Amino acid sequence: MNSLEIRALSDDAATIALLADLLIETVAAGGSVSFMHPLPAEAARDFWRKSLAAAARGERAVLGAWHGGVLAGTVTLLLDFPPNQPHRAEIAKLMTGREHRGKGVATRLMRAAEKLAIEKGRTLLVLDTAREEGAAGLYEKLGFAFAGEIPDFALKPHGGLTGTLIYWKRIGAAAADTLP
Ligand SMILES: CC(C)(COP(=O)(O)OP(=O)(O)OC[C@H]1O[C@@H](n2cnc3c(N)ncnc32)[C@H](O)[C@@H]1OP(=O)(O)O)[C@@H](O)C(=O)NCCC(=O)NCCS
């Protein structure tokens, strides 16, 4: 999608409403992003309000992919870790609206998140994804290495347990160090 613009999202009511719609739609369609279906609109807005407040404090970055005035997708880069992990960042809440899927939106969001992590001096990215209805194939295409699976880790949005798959990737200076 050529006309896609990726940028950090701001803490305003209109953006929170768009993010809440995306989260509710994703959960309803079975996406494993920490919530159960049906997700009440107020709970979705409350999640994003708190997330964007954390972003304003520099503890995370919430990126949006805009197609015209439409929010096509989002990803969160978590940056707030204990003092012994200043080199680490984590990917969370990667979602593409259903009508925008399969056009490279998530790939663009992930590349932008990785670039931002490198700019912040991070050298290790980690993430987890559900075994069922997750995005393992996408992460592997983006160079993430599979660390292992924890069985029965979480409930799927419509019920029933699924395992979680843990992935990691060296980035920035750390990735350059491992080149032949
Ligand atoms: C996973 C998700 C974000 C992918 O979004 P997208 O914008 O359609 O992804 P892209 O178009 O960038 O896909 C890039 C590549 O990954 C592949 N891919 C996308 N989703 C995949 C999945 N769930 N499993 C395996 N491969 C996947 C695509 O086939 C594509 O491959 P190609 O380049 O060979 O064509 C989207 O399906 C989604 O929002 N799912 C629900 C929420 C979710 O599961 N998020 C991940 C939480 S860890």
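This text goes with the structure placed above it.
In this text the structure is predicted, and so the values were computed from the model without any measurement. (Residues numbered from 1 in each chain as written. Predicted model: local features only at pLDDT ≥ 70, side-chain atom pairs only at ≥ 80, totals over all residues. Heavy atoms only, no water.)

**Comments concerning the site of the ligand**
Taken together, 20 residues lie near the ligand, and Leu94, Gly102, Gly104, Thr107 and Lys141 sit nearest. One of the backbone N or O atoms of Leu94 is found 2.7 Å from a nitrogen atom in the ligand. Lys103 places a main-chain nitrogen or oxygen 3.3 Å from an oxygen atom of the ligand. When atom positions are compared with the pocket grids, the ligand is found to occupy the largest pocket. Contributions of two or more residues to the shell around the ligand are made by β4 (88–96), α3 (105–119), β5 (124–130) and α4 (136–141). No other element matches the 4 residues that α4 contributes to the shell around the ligand. Its residues placed into classes, the shell around the ligand shows 7 nonpolar, 8 polar and 5 charged. (Near = heavy atom within 4 Å. Polar contact = N/O pair within 3.5 Å; in protein donor to acceptor, adjacent residues only side chain to side chain. 1 Å grid on protein atoms, 1.4 Å probe; cavity = no way out; pocket = protein on both sides within 12 Å on 5 of 7 lines; lining within 4 Å. Sits in = over half its atoms within 2 Å of the grid points. Helix = DSSP H or I, 4+ residues; strand = E, 2+ residues; numbered from the N terminus. Nonpolar A, V, L, I, M, F, W, Y, C, P; charged D, E, K, R; others polar.)

**A short note on the packing of aromatic side chains**
Scanning the entire structure with this criterion turns up 5 aromatic pairs. Seen from their ring centres, Phe47 and Trp48 are 4.9 Å apart, and the 75 degrees between their planes marks the pair as edge-to-face. Judged by its relative accessible area of 0%, Trp48 falls in the buried class. Centre to centre, the rings of Tyr139 and Phe144 are 6.0 Å apart; their planes meet at 70 degrees, and the pair counts as edge-to-face. With respect to class, Tyr139 is no different from Phe144; both count as buried. Three or more aromatic residues link up through ring pairs in this structure, and these residues are Tyr139, Phe144, Phe146 and Tyr167. (Phe/Tyr/Trp six-rings, centres within 6.5 Å; stacked < 30°, edge-to-face > 60°. Buried < 20%, exposed > 50% of the residue type's maximum accessible area, 1.4 Å probe, protein only.)

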